[in-house]
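Chain and residue survey
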Amino acid sequence: MESKKAKLALIGCGGIGGYHLGHFMGFTDIIDMVGFCDLIPERAQAFCEKAGMGEAFTDYKEMLDKTKPDMVFVCIPPYCHGEIEYTLIERGIHFFVEKPLALDIELAKDILRRAEAAGLVTASGFQCRYSNLVEPNIDFIKRNKIFFVSCERMGGIPMVEWWRDKARSGGQAVEQTIHQFDIIRYVYGEPDVVFSMNATGLMQNVPEGYQTDDLSVTCVKFKDGSLGTISTGCYVTGGDAYDSKVVFSAADRRAELKILGTLNIFGETESEAAGDEGGFVVKGDGAVAKGSNNAKTYHQQGDAGILCDRTFIEAVINKTPAAVRSPYRDALRSLAFTMACNQSMETGLPIRIDDLLQGI
Ligand SMILES: NC(=O)c1ccc[n+]([C@@H]2O[C@H](COP(=O)([O-])OP(=O)(O)OC[C@H]3O[C@@H](n4cnc5c(N)ncnc54)[C@H](O)[C@@H]3O)[C@@H](O)[C@H]2O)c1
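The paragraphs below set out a description of the structure included in this document.

Basis of the calculations
- Residues numbered from 1 in each chain as written.
- Predicted model: local features only at pLDDT ≥ 70, side-chain atom pairs only at ≥ 80, totals over all residues.
- Heavy atoms only, no water.
- Buried < 20%, exposed > 50% of the residue type's maximum accessible area, 1.4 Å probe, protein only.
- Helix = DSSP H or I, 4+ residues; strand = E, 2+ residues; numbered from the N terminus.
- Near = heavy atom within 4 Å.
- Polar contact = N/O pair within 3.5 Å; in protein donor to acceptor, adjacent residues only side chain to side chain.
- Areas by Shrake-Rupley, 256 points an atom, 1.4 Å probe, with all protein chains shown as cover.
- Nonpolar A, V, L, I, M, F, W, Y, C, P; charged D, E, K, R; others polar.
- Patch = residues over 30% accessible without salt bridge, like charges linked within 9 Å, V, L, I, M, F, W, Y side chains within 5 Å.
- Salt bridge = Lys/Arg side-chain N within 4 Å of Asp/Glu carboxyl O.
- Phe/Tyr/Trp six-rings, centres within 6.5 Å; stacked < 30°, edge-to-face > 60°.
- Pairing = 2+ DSSP bridges.
- Axes fitted to C-alpha atoms, helices over the stretch in contact; angles between N-to-C directions.
- Contact = heavy atoms within 4.5 Å.

This next bit is on helix α9 (residues 178-187). Most of α9 sits inside the fold, with nine of its 10 residues counted as buried. Among the residues of α9, Ile178, His179, Gln180, Phe181, Asp182, Ile183, Ile184, Arg185 and Val187 are the ones counted as buried.

We now examine the site of the ligand. In the region of the ligand, 25 residues are neighbours, and Ile16, Asp38, Arg43, Gln127 and Glu175 sit closest. At 3.0 Å from an oxygen atom of the ligand is found a main-chain nitrogen or oxygen belonging to Gly15. Relative to its free-state accessible area of 840 Å², the ligand is covered by the protein chains to the extent of 84%. Along the lines of polarity and charge, the residues of the shell around the ligand split into 14 nonpolar, six polar and five charged.

Turning to a nonpolar patch on the surface, a few remarks are in order. Among the surface-exposed residues, Phe147, Phe148 and Leu227 lie close enough to one another that they form a single nonpolar patch of about 290 Å² accessible area. With respect to the secondary-structure elements, Phe148 resides in strand β7 (residues 148-154).

Inspection of the entire model under this criterion finds nine aromatic pairs. Here Phe96 and Phe312 contribute two aromatic rings whose centre-to-centre distance is 5.7 Å and whose plane-to-plane angle is 70°, an arrangement assigned as edge-to-face. Residue Phe96 is located in strand β5 (residues 94-97), and its partner Phe312 is located in helix α10 (residues 304-318); the two are separated by 216 residues in the primary sequence. Phe312 carries the same exposure label as Phe96, and that label is buried.

Another aspect to go through is the sheet that holds β5. Strand order in the open sheet formed by six strands is β3-β2-β1-β4-β5-β6, with parallel pairing between adjacent strands. In the strand order of this sheet, the two ends are held by β3 (55-57) and β6 (122-124), each with one partner. Averaged over all pairs of adjacent strands, the angle between their axes in this sheet comes to 20°, without regard to strand direction.

Let's shift gears to the side chain of Arg310. Within the element layout of this structure, Arg310 appears in helix α10. A distance of 2.9 Å separates polar atoms of two side chains, one belonging to Arg310 and the other to Asp29. If we ignore the near neighbours within four places in the chain, the residues touching Arg310 are Gly26, Phe27, Asp29 and Ile30.

As enumerated under the stated definition, the model contains 28 salt bridges in all. We note a salt bridge from Glu106 to Lys109, for which the minimum N-O separation is 3.2 Å. On the criterion of helical spacing, the pair formed by Glu106 and Lys109 is a turn pair, its members being three residues apart in helix α5 (residues 105-117). Between Glu152 and Lys245 there is a salt bridge, with the nearest N and O atoms lying 3.4 Å from each other. Taken together, the positions of Glu152 in strand β7 and Lys245 in strand β11 (residues 243-249) put the pair 93 residues apart, joining distant regions of the chain. Each of the salt bridges in this network shares a partner with another, and the network as a whole consists of Arg129, Asp182, Arg185, Glu190, Lys223, Asp330, Arg333 and Asp354.

Bringing the sheet that holds strand β8 (residues 191-199) into the picture now. Sheet architecture is open: nine strands sit in the order β14-β13-β12-β11-β7-β10-β9-β8-β15, paired in mixed fashion. Edge positions in the sheet fall to β14 (295-299) and β15 (351-352), since each of these pairs with one other strand and no more. As paired strands, strand β9 (residues 215-222) and strand β10 (residues 227-233) are joined by seven bridges and run antiparallel to one another. Looking across to β10, one finds that Thr218 is bridged to Ile230. Running at roughly 50° to β8, helix α11 (residues 328-347) makes contact with β8, β9, β10 and β15 of the sheet.

As structure tokens, then:
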């Protein structure tokens, strides 16, 4: 590593910007935070004060001119992408861009082409890829043939105003549950076709400006022939209805991932006395003796977000782009996975993901 510290700037001093800032403050051995930019001046100013360094801006071009950063974290809402990335590329500045990359897949493809042609190191905010749960999950999948992947992510409506407008957020699959779509791709494999349905208008007492799906359900056919479902909703108001998990189901065992929480592997520990209760209507109709429900449990250790950010920063400094687990090119595939769901909801048709990725 070079002894001189790298210069880092951040655009978008909102919720996720603050998460990254918290990480940067532990990286002062390798970076100087030179600038923070937000359209709302107080936000940028507050970041400077928290960092104890850097200058506040409301115009990102002015920030780039003045501070000449080596890398920029782009932490703006989904509908705001484009001009900022093009400017960074023109100036040869490496960038980390929060998920989802954009709401226009053609725009994201164009940014990818230009960023790669400029030889830039890129990353996206899929910090779950850096979790210690990933390795045992991949190991389980390597050792067991998976037939079915089932994912549920049922929660409430996030506070940020733009989130509840699908035209600006992309909707829940694109903006939020993309973490689950992405981790399924990362630990398991590539999807081929999706077929999605959405439900709207079911929720009562929605906040002003709410114009998005209450929930959606997606059927996935993977390239290896297996199937999955990914269901996601924002209708939940009570903790007992909250649910978030991905289950990888094999013939005699399953792995249940709670992203950044736990990985439970059922069927690989000693079974207690088996029973046959639960879920089947008539004995002999396909029920198998119930397993012990004993799981080998792995717990999240450390902060995957710190690793994610540090890996990108070190990749820029040390010129090791391959260390980044979620470069722009790969993040684009997860965007396409979720955008295909939206396209399916709009057309009522199954959508092949590779059709959205043509030309890259
Ligand atoms: N990786 C994760 O787990 C994670 C978690 C939360 C949010 N996110 C993503 O981060 C992005 C931002 O989400 P958020 O919750 O921080 O939103 P936010 O609304 O809290 O913050 C976005 C900030 O960007 C600023 N901004 C917008 N356009 C700008 C521009 N041209 N120049 C300067 N500032 C600009 C806004 O003023 C706002 O302060 C979203 O894409 C979201 O999906 C990722």
